[in-house]
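Coordinates in review
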Amino acid sequence: MLKTFEPPLDMSAGIYMSENQTTAESASDNRHLSGELDLLPCQSGSKSGDLNFANADSECNGKVENADADCCQSEKNSPPSSSMHDCDRHVRSSCSNVSSSSPDWLDPSLQFHVPLVDVDKVRCIIRNIVRDWAAEGQQERDECYKPILQELEQLFPHRSRDSPPACLVPGAGLGRLALEISCLGFISQGNEFSYYMMICSSFILNHSQVADEWTIYPWIHSNCNSLSDSDQLRPVSVPDIHPASAGITEGFSMCGGDFVEVYNDPSQVGVWDAVVTCFFLDTAHNIVEYIEIISRILKEGGVWINLGPLLYHFADSYNQEDEMSIELSLEDVKNVAYHYGFEIEKESTIATTYTSNPRSMMRS
């Protein structure tokens, strides 16, 4: 995956800090890598085929016409987003094609100490690949994504090809839900903060040639609750579909950056017909701020669809001044939504898992 990019890391600059620095800083959700990854912050799709990352140094409101386009949105069909070219100010970008001179990542000279927290994040990404891009993850997608897609279809029954409604998917992860929404006939933009997610989603969306192209062993690191060795060692083929052939709507894009920083921009006010949050709200330091921004970026009469728990990610952060966490009950979350002008039209509770091993003896 890493060799696909040219290269994603500036090896000559010494990508990793000293061990004591990385251990202290890696808990801040990958920020210790900022400025050193050659990752492209916005990726977009056109009807012509491949999905692309945009050059962060270029204007991002140009027209996407082919796989070599530099810009992250279609000027005609996508909502305005003048700030997209600096979705994440710490990320440098490049639109280079894969080169035969890509480094050999197995070369011992290119192997650095990796903090255990980052190893754990990679394992998490591998499980997310199954959730979003494997046949084995279909049950979870049916439990979580299908109700959202059905609701969008009911709320926007008369979608126009010439002027499709625009839907934002914050916390888009590996991009499957955003892609499925695009295939329904929406201009769909996923937003993701994690470098790990962005690297992987770019690889799957942009570099998949056929379905089931790669084989991974996602449960090989899970040593507990296995019924048999074969369950732990079983292969999984990904992706289960070819993304570029899935029937996306022109204007599909992925934007890298912090949700608050990117969408708190004045250019985003009243831009989106729908906002879909799936397992996202509880990633906030300040959930009230999330809801306020969602209310501001929706058009008058726009729709917010939310699904997910309130397992606040920063609830157990102690002795870190910048790790504030506001943890509201569902009742209070609804009261905050009322305050910002929302009316709840439908509410239900579902049972689901998240990146769960379906053959494990224990599932949450």
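Rules behind the numbers
- Residues numbered from 1 in each chain as written.
- Predicted model: local features only at pLDDT ≥ 70, side-chain atom pairs only at ≥ 80, totals over all residues.
- Heavy atoms only, no water.
- Phe/Tyr/Trp six-rings, centres within 6.5 Å; stacked < 30°, edge-to-face > 60°.
- Helix = DSSP H or I, 4+ residues; strand = E, 2+ residues; numbered from the N terminus.
- Buried < 20%, exposed > 50% of the residue type's maximum accessible area, 1.4 Å probe, protein only.
- Lys NZ or Arg CZ within 6 Å of the ring centre and 35° of its normal.
- Patch = residues over 30% accessible without salt bridge, like charges linked within 9 Å, V, L, I, M, F, W, Y side chains within 5 Å.
- Areas by Shrake-Rupley, 256 points an atom, 1.4 Å probe, with all protein chains shown as cover.
- Salt bridge = Lys/Arg side-chain N within 4 Å of Asp/Glu carboxyl O.
- Core = buried A, V, L, I, M, F, W, Y, C linked by side-chain atoms within 4.5 Å.
- Contact = heavy atoms within 4.5 Å.

Going by an unreviewed UniProt entry, the protein chain carries the name carnosine N-methyltransferase and comes from Erythranthe guttata.

Turning to the packing of aromatic side chains, a few remarks are in order. Summed over all chains, the structure comprises 8 aromatic pairs. Between F259 and Y290 the ring centres are 5.3 Å apart and the planes differ by 75°, which places this aromatic pair in the edge-to-face class. Residue F259 is located in helix α7 (residues 259-263), and its partner Y290 is located in helix α8 (residues 287-297); the two are separated by 31 residues in the primary sequence. This pair shows no difference in class: F259 is buried, exactly as Y290 is. Ring centres 4.8 Å apart and planes at 35° place the aromatic pair F279 and Y354 in the tilted group. Of the two residues, F279 is situated in the loop between β8 (272-278) and α8 and Y354 in the segment after α9 (330-339); the sequence distance between them amounts to 75 residues. In this structure Y354 comes out as partly exposed when scored by relative accessible area, which is 37%. Put simply, the rings of F259, Y263, F280 and Y290 touch in pairs and so form one group of aromatic residues. Stacked on the ring of F279, the Lys or Arg R131 has its end atom at 5.2 Å from the ring centre.

So, about a nonpolar patch on the surface. On the surface, Y217, I220 and L233 cluster together into a nonpolar patch covering about 280 Å² of accessible area. Mapped onto the elements, Y217 comes out in the loop between β5 (214-216) and α6 (229-232).

With 41 residues, the main nonpolar core has I129, L152, L177, I181 and V276 as its most contacted residues. Looking at this core, the elements with two or more residues in it are α2 (116-133), α3 (138-155), β3 (166-170), α4 (176-183), α5 (195-207), β6 (236-238), β8 and β9 (298-307). At 7 residues, α5 tops the list of elements feeding residues into this core. Apart from the residues lying within four places of it in its own chain, the contact partners of L177 are Y145, I148, L149, V169, V276 and C278.

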